Structures are given as C-alpha cells and as structure tokens.
Amino acid sequence: GENVEQHPSTLSVQEGDSAVIKCTYSDSASNYFPWYKQELGKRPQLIIDIRSNVGEKKDQRIAVTLNKTAKHFSLHITETQPEDSAVYFCAAGAGGNQFYFGTGTSLTVIP
Amino acid sequence: KAGVTQTPRYLIKTRGQQVTLSCSPISGHRSVSWYQQTPGQGLQFLFEYFSETQRNKGNFPGRFSGRQFSNSRSEMNVSTLELGDSALYLCASSAVPSREKLFFGSGTQLSVL
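First things first, this report covers the structure right here in the doc. Since the structure is predicted, the reported quantities are computational estimates derived from the model, not experimental observations. (Residues numbered from 1 in each chain as written. Chains lettered and ligands numbered in written order. Predicted model: local features only at pLDDT ≥ 70, side-chain atom pairs only at ≥ 80, totals over all residues. Heavy atoms only, no water.)

### Brief notes about the pattern of salt bridges
Counted under the stated rule, the structure contains eight salt bridges over all chains. Residue Glu-39 of chain A pairs with Lys-37 of chain A through a salt bridge whose shortest N-O separation is 3.7 Å. Measuring nitrogen to oxygen at the nearest pair gives 3.2 Å for the salt bridge that ties Glu-75 of chain B to Arg-67 of chain B. When its relative accessible area of 15% is taken as the criterion, Glu-75 of chain B is described as buried. (Salt bridge = Lys/Arg side-chain N within 4 Å of Asp/Glu carboxyl O. Buried < 20%, exposed > 50% of the residue type's maximum accessible area, 1.4 Å probe, protein only.)

Written as structure tokens, this is what we have:
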C-alpha cells in the first residue's frame, strides 16, 4: 500500500519568515495530494490541493509543488503569521476518498 | 448549511465493551469516510461508504465495522474494545467519492480504560 512520510515533525519560524513542509509518497498510482490544517482542538480543514497533472499551485501565501518523478511534494507558506500556527498534514490518494496521511508537522510561528 | 456532525463528542468505555459512533454528513454529500487519529500516527483510513456500499477499507481488524444508511448517515462500530483503540475518530464527507475535498467533523474522542 501507499506510504506517506512527512518532515519535519515540528517547525518553528519567526513571524514573516517562510515555512516549508515536505512529503514523500511511495505509490506511483497516487494522483491527488491535499494538505490539511488542524488547529488545536479543531477539525482538519483543506487548505490547498494539487493533482498529478500540475507541478505547482498557489493560493495567496500558500503554494504546493509536486515532483512526480521523485515522488515528493511540498507545502510552502510565505510571510507567516501567528494564525498559521497549527498542525499540517499532507496526504496522497489514488482513487475514491481513501487517503494516506503523513504524520503531521506542528508549525509554530513566533511573533 | 450545517457541517459534518459527529455524536457523541466524548466516550469512555472499558476493555471488552463495544461502541457505536455516528456521523451525519453535509446535506447532499453521499460519500462518508472514517479516519482514526492518534498522536504521532496522524490520520489512518478506516473505511469509505457511498450509496450504502463500502467502497474501500483500510488495514484495521474486523472488530472495526461500519455502515451507511439511505439518508447517507453513517455509523462506525468497534467491538471488543482494546486499550489501543483509544483515539479521535474523525468522519469526513464529500459530494462524491472521487478524490474530492473532504469536510471533517469534530470527531468522537474515545477513551478505553
């Protein structure tokens, strides 16, 4: 089955700096890669996603890149703000709504 | 539009007991999937239902089962509870089961003593 690895597990950045979270996957059949943000005590919420026919996608301060050959994808957050502090999960899926999630990155933005 | 609703919010059970968790998807959503969240393990896929049929099942023992009703509401059952079953169980819904954005509920926090 699919195996998704996510790094780093914790990340601290100064407000205004950039944050990068990286994920790798093992199954070349995976073709959809969402990122979820989970604030403390709250439900995970989709923040951005990318499909395998696209190499990069941006949404304001958030961007995701995908390298199908290397089987890795990354989340980039620029100009970080305290409200970006949360746990971020990457995921990979190949069919239906069965997703394999990474183990999460706890991001702390220091004011 | 109401979000995904999960009940109960908290459950405390003892080993050997069984438990049933409920999930009401967003109105109009017909796909419901279940995930187990534990610290350090992230989210692990349990199963997915669409139109009352189980489409996919994760790598969990047969003690974990589920079903979906004609109104798309879903239930998850865990029999013969073990200490390791303590976790947050999240339900997610989407309009169709096709690599869609998942809308998660707040989860049911299960503690097995």
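Next comes the rest of the description.
### As for the side chain of Gln-36 of chain B
All names here are of chain B. The residue Gln-36 is located in strand S4 (residues 31-38) in this model. The exposure class of Gln-36 is buried, given its relative accessible area of 6%. Within polar-contact distance, the side chain of Gln-36 engages the side chain of Tyr-89 at 3.0 Å. (Helix = DSSP H or I, 4+ residues; strand = E, 2+ residues; numbered from the N terminus. Polar contact = N/O pair within 3.5 Å; in protein donor to acceptor, adjacent residues only side chain to side chain.)

### As for the state of the cysteines
Inspection of every chain in the model, using the stated rule, returns two disulfides over all chains. Here Cys-23 of chain A pairs with Cys-90 of chain A through a disulfide, and the sulfurs are 1.9 Å apart. Between Cys-23 of chain A and Cys-90 of chain A the sulfur-sulfur dihedral comes to about -100°; the bridge is accordingly left-handed. Remark: Cys-90 of chain A occurs in strand S9 (residues 86-93) and Cys-23 of chain A occurs in strand S3 (residues 19-25); sequence separation between them is 67 residues. A relative accessible area of 1% places Cys-23 of chain A in the buried class. Residue Cys-90 of chain A is classed as buried on the basis of its relative accessible area, which comes to 0%. Between the sulfur of Cys-23 of chain B and that of Cys-91 of chain B lies a disulfide, 1.7 Å long from S to S. Across the S-S bond of Cys-23 of chain B and Cys-91 of chain B the torsion is about -50°, and the bridge reads as left-handed. (Disulfide = S-S within 2.5 Å.)

### As for the sheet that holds strand S6 (residues 56-59) of chain A
All names here are of chain A. With antiparallel pairing, the five strands of this open sheet are ordered in space as S1-S3-S8-S7-S6. The outermost strands of the open sheet, each flanked by one partner alone, are strand S1 (4-7) and S6. When the angles between neighbouring strand axes are averaged without regard to direction, this sheet yields 15°. Note that S3 and strand S8 (residues 72-77) share six bridges and pair antiparallel. (Pairing = 2+ DSSP bridges. Axes fitted to C-alpha atoms, helices over the stretch in contact; angles between N-to-C directions.)

### Observations regarding the sheet that holds strand S1 (residues 5-7) of chain B
Residue and element names in this part refer to chain B. An order of S1-S3-S8-S7 is seen for the four strands of this open sheet, with the pairing classed as antiparallel. Each edge of the open sheet is held by one strand with a lone partner, namely S1 and strand S7 (64-68). Between one strand and the next, the sheet's axes are offset by a mean angle of 15°, whatever the strand orientation. One ladder, built from five bridges, connects strand S3 (residues 19-24) with strand S8 (residues 74-78); its direction is antiparallel.

### Here we look at the nonpolar core
Judged by nonpolar contacts, the single largest core of 23 residues is most densely connected at Trp-35, Phe-73, Leu-75 and Leu-107 of chain A. For this core, the secondary-structure elements that each account for two or more residues are strand S2 (10-14), S3, strand S4 (32-38), strand S5 (45-51), strand S7 (62-67), S8, S9 and strand S11 (105-110) of chain A. Aside from chain neighbours lying at most four places away, what touches Phe-73 of chain A is Ile-21, Lys-22, Cys-23, Tyr-25, Phe-33, Trp-35, Thr-65, Leu-66, Cys-90 and Ala-91 of chain A. In terms of nonpolar packing, the next biggest core, distinct from the first, is built from 21 residues, Phe-60, Cys-91, Leu-110 and Val-112 of chain B among them. (Core = buried A, V, L, I, M, F, W, Y, C linked by side-chain atoms within 4.5 Å. Contact = heavy atoms within 4.5 Å.)

### Topic: the interface of chain A and chain B
On the side of chain B, 27 residues touch chain A, which itself brings 19 residues to the contact. The interface formed by chain A and chain B contains zero salt bridges. The set of elements that each furnish at least two residues to the side of chain A that touches chain B consists of S4, S5 and strand S10 (99-101) of chain A. Counting residues per element, the side of chain A that touches chain B draws most heavily on S4 of chain A, at three residues.

### Brief notes about the packing of aromatic side chains
Here the structure, examined in full by the defined rule, presents 13 aromatic pairs over all chains. Judged by centre distance (4.7 Å) and plane angle (45°), the rings of Tyr-25 of chain A and Phe-33 of chain A are tilted. For Tyr-25 of chain A, a relative accessible area of 6% translates into the label buried. Their ring planes at 35° and their centres at 6.5 Å tell us that Phe-64 of chain B and Tyr-89 of chain B sit as a pair that is tilted. Here Tyr-89 of chain B lies in strand S9 (residues 87-94) and Phe-64 of chain B lies in strand S7, a separation of 25 residues in the sequence. Its relative accessible area of 2% is what places Phe-64 of chain B among the buried residues. Ring pairs connect the aromatic residues Tyr-36 and Phe-101 of chain A together with Tyr-35, Phe-45 and Phe-104 of chain B, which therefore count as one cluster. (Phe/Tyr/Trp six-rings, centres within 6.5 Å; stacked < 30°, edge-to-face > 60°.)

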